Amino acid sequence: KKEKQRGMISVDTATGINYEKNGLDPKLRADDAYPAWLWGLLEEKKSMTQLEEQIQSVGDDGDPDLDDVKRLFDLASRKGIKDKNSLKKK
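Residues numbered from 1 in each chain as written. Predicted model: local features only at pLDDT ≥ 70, side-chain atom pairs only at ≥ 80, totals over all residues. Heavy atoms only, no water.

In this section: the packing of aromatic side chains. Counting across every chain of the model gives 1 aromatic pair. Considering the side-chain rings of Tyr-34 and Trp-39, the 6.1 Å spacing of their centres and the 90° angle between planes classify their relative orientation as edge-to-face. (Phe/Tyr/Trp six-rings, centres within 6.5 Å; stacked < 30°, edge-to-face > 60°.)

Quick look at the confidence of the model for the protein now. In this model, the protein carries an average pLDDT of 85, and 89% of its residues clear a pLDDT of 70 or more. Here helix H2 (residues 48-58) stands out as the element of the protein with the lowest mean pLDDT, 86, in contrast to helix H3 (residues 66-89), whose mean of 91 is the highest. (pLDDT = per-residue confidence, 0-100. Helix = DSSP H or I, 4+ residues; strand = E, 2+ residues; numbered from the N terminus.)

On to H3, then. For H3, built from 24 residues, the straight-helix expectation of 34 Å at 1.5 Å per residue is met to within 8% by its first-to-last C-alpha distance of 35 Å. Every buried residue belonging to H3 is among Asp-68, Leu-72 and Leu-75, and all of these are buried. (Expected span 1.5 Å × (residues − 1). Buried < 20%, exposed > 50% of the residue type's maximum accessible area, 1.4 Å probe, protein only.)

For the rest of this paragraph, the subject is the pattern of salt bridges. Counted by the stated rule, this structure contains 3 salt bridges. Salt-bridge contacts for Lys-46 lead to Asp-68; the nearest nitrogen and oxygen are separated by 3.4 Å. In this pair, Lys-46 is assigned in the loop between helix H1 (36-40) and H2 and Asp-68 in helix H3, connecting sequence segments 22 residues apart. With relative accessibility at 33%, the residue Lys-46 sits in the partly exposed group. Of the residues examined, Asp-68 reaches a relative accessible area of 12% and is grouped as buried. Across the pair Lys-70 and Asp-74 runs a salt bridge whose closest N-O atoms are separated by 3.1 Å. Taken as a pair, Lys-70 and Asp-74 lie in helix H3 at a separation of 4 residues, close to a single helical turn. (Salt bridge = Lys/Arg side-chain N within 4 Å of Asp/Glu carboxyl O.)

Here it is, written out as structure tokens:
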């Protein structure tokens, strides 16, 4: 029986991703074999303050990015819910 080596990192294999009992870790492919959105997951998201400043700086000159506006709306809604819940606890 072949034992697995724990704690080993490989440039050819996605170590530790296997979830099957007797399965093997998947082999890595070239970067272009993966969808473009996958690499965007590594980017740090903007904070609520950064989004507010960015949208205010756009002003009447142009349209703000819709994804940024949606994220700002979601963050503001989440903040409102948390504030409301914290008042209930008191």
